[in-house]
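# Architecture and fold: a report
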Amino acid sequence: RFIAKPCAINLGIQDSGPHRAQPNAILEKVFTSITKSPDGKRLEGLSKQLDWDVRKIQRWFRHRRNQDKPTTLTKFCESMWRFTFYLSIFFYGLRFLWTAPWFWDTRQCWYNYPFQPLTSRLYYYYILELAFYWSLMFSQFTDIKRKDFLIMFVHHLATIGLITFSYMNNMVRVGTLVLCLHDASDFLLEATNYAKYQRLCDAFFMLFGVVFIVTRLGIYPFWILNTTLFESWELIGPYPSWWLFNGLLITLQILHIIWSYLIIRTAYKALVRGKVSKDDRSDVESSSEEEDVTSNSTKGVFSTSSNGSNRINGHVASGQWTEE
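A few points on the structure. (Residues numbered from 1 in each chain as written. Predicted model: local features only at pLDDT ≥ 70, side-chain atom pairs only at ≥ 80, totals over all residues. Heavy atoms only, no water.)

Mapped onto the fold, Leu136 is located in helix H7 (residues 120-139). Its relative accessible area of 4% is what places Leu136 among the buried residues. In this structure the C-alpha to C-alpha distance between Leu136 and Met152, which are 16 residues apart in sequence, comes to 9.6 Å. (Helix = DSSP H or I, 4+ residues; strand = E, 2+ residues; numbered from the N terminus. Buried < 20%, exposed > 50% of the residue type's maximum accessible area, 1.4 Å probe, protein only.)

Charged atoms that come close allow side chains of opposite charge to pair. In the structure shown here, the tally under the stated rule is four salt bridges. Linking Glu78 and Arg82 is a salt bridge whose minimum nitrogen-to-oxygen distance equals 2.7 Å. Here Glu78 and its partner Arg82 are both found in helix H5 (residues 72-98), four residues apart, which amounts to about one turn of the helix. Each member of the pair, Glu78 together with Arg82, is buried. Glu190 serves as the salt-bridge partner of Arg82, at 2.9 Å between the closest nitrogen and oxygen. In this pair, Arg82 sits in helix H5 while Glu190 sits in helix H9 (residues 172-191), placing the two residues 108 residues apart along the sequence. Ionic contacts of the salt-bridge type, sharing partners, join the residues Glu78, Arg82 and Glu190 into one network. (Salt bridge = Lys/Arg side-chain N within 4 Å of Asp/Glu carboxyl O.)

Formed by 54 residues in total, the largest nonpolar core has its most connected members in Leu97, Trp102 and Tyr220. For this core, the secondary-structure elements that each account for two or more residues are H5, helix H6 (101-104), H7, helix H8 (149-168), H9, helix H10 (198-235) and helix H11 (240-273). Considering every element that reaches this core, the biggest residue donor is H9, with eleven residues. Of all hydrophobic cores here, the second largest spans eleven residues; its members include Leu27, Leu46, Leu50 and Phe61. (Core = buried A, V, L, I, M, F, W, Y, C linked by side-chain atoms within 4.5 Å.)

Turning to empty space enclosed by the protein, a few remarks are in order. With the rule as written, the count across this model stands at six cavities of 30 Å³ or more. Reported here for the largest cavity is a volume of approximately 140 Å³. Taken together, 15 residues line the largest cavity, and the ones lying closest to its centre are Leu162, Ile163, Gly175, Val178 and Leu179. Elements represented by at least two residues in the lining of the largest cavity include exactly H7, H8, H9 and H11. Taken together, the residues that form the lining of the largest cavity break down as ten nonpolar, five polar and no charged. (1 Å grid on protein atoms, 1.4 Å probe; cavity = no way out; pocket = protein on both sides within 12 Å on 5 of 7 lines; lining within 4 Å. Points joined across faces, edges and corners; volume = space filled by probe spheres on them. Nonpolar A, V, L, I, M, F, W, Y, C, P; charged D, E, K, R; others polar.)

Pasting the structure below:
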């Protein structure tokens, strides 16, 4: 309210939502009582009843679906909050771990385990991360709706479970490595969202993709999983909670693979089209997409719109992959 909103206004991001549908009692009744996306047969019936063109009715339903969605300003403020936290906590964790012996030698995570001291800096680092992910868990139900809601829900559950479990079992040393590694790319992702300059936005996204894939598909399995699966087995041996701990870490790795595929697919589209495409997870529909479908159904020809109607402030609405 006091920081993100003024920044958004200075960047030229306006507090204006999607175009509102004109009042119509018949269409409103269909929208609220029957369906929000009428099929071709129903569209033809409504067209005869209202003496409206089919495309006009489709446009009305699209505007009606979008008018209750959050504005670009709301999305920007949400992303800026996460960017601020991720950036701050990443540099805090990096500064803390730079002098920690287990940052340079992961076998130090298991020496004298579980009788390892819990320093105040380590404690606050853990509690801040845990509190933030709990806030994401609850705010996911009220924040901008995404199509990857279930994947994110599983991710938050796994993250909270890992932080809590590792804290209770005093596995905080390896836990700090996992947290810092994940924060390394998260702030770059938030920086790609709703920027005014398309090229800068695309550059941040490409940088985010490289850092994400290197950290999640390279460093994570060969550094983190190597120490939790093999070095811990060698130094302290397996125990009942060892299986649960590594099961949660492997669950995260599976999610990393899924997200890496989505990032690579988006980067490929960016190279083909010359810009980062719209967020595939976003539920806000663009007018160009629906008009393409309409053209296909009415004329039998599929044409790609290039008028940039879904662009906002110099780039496409809904930046790519807003939450990891």
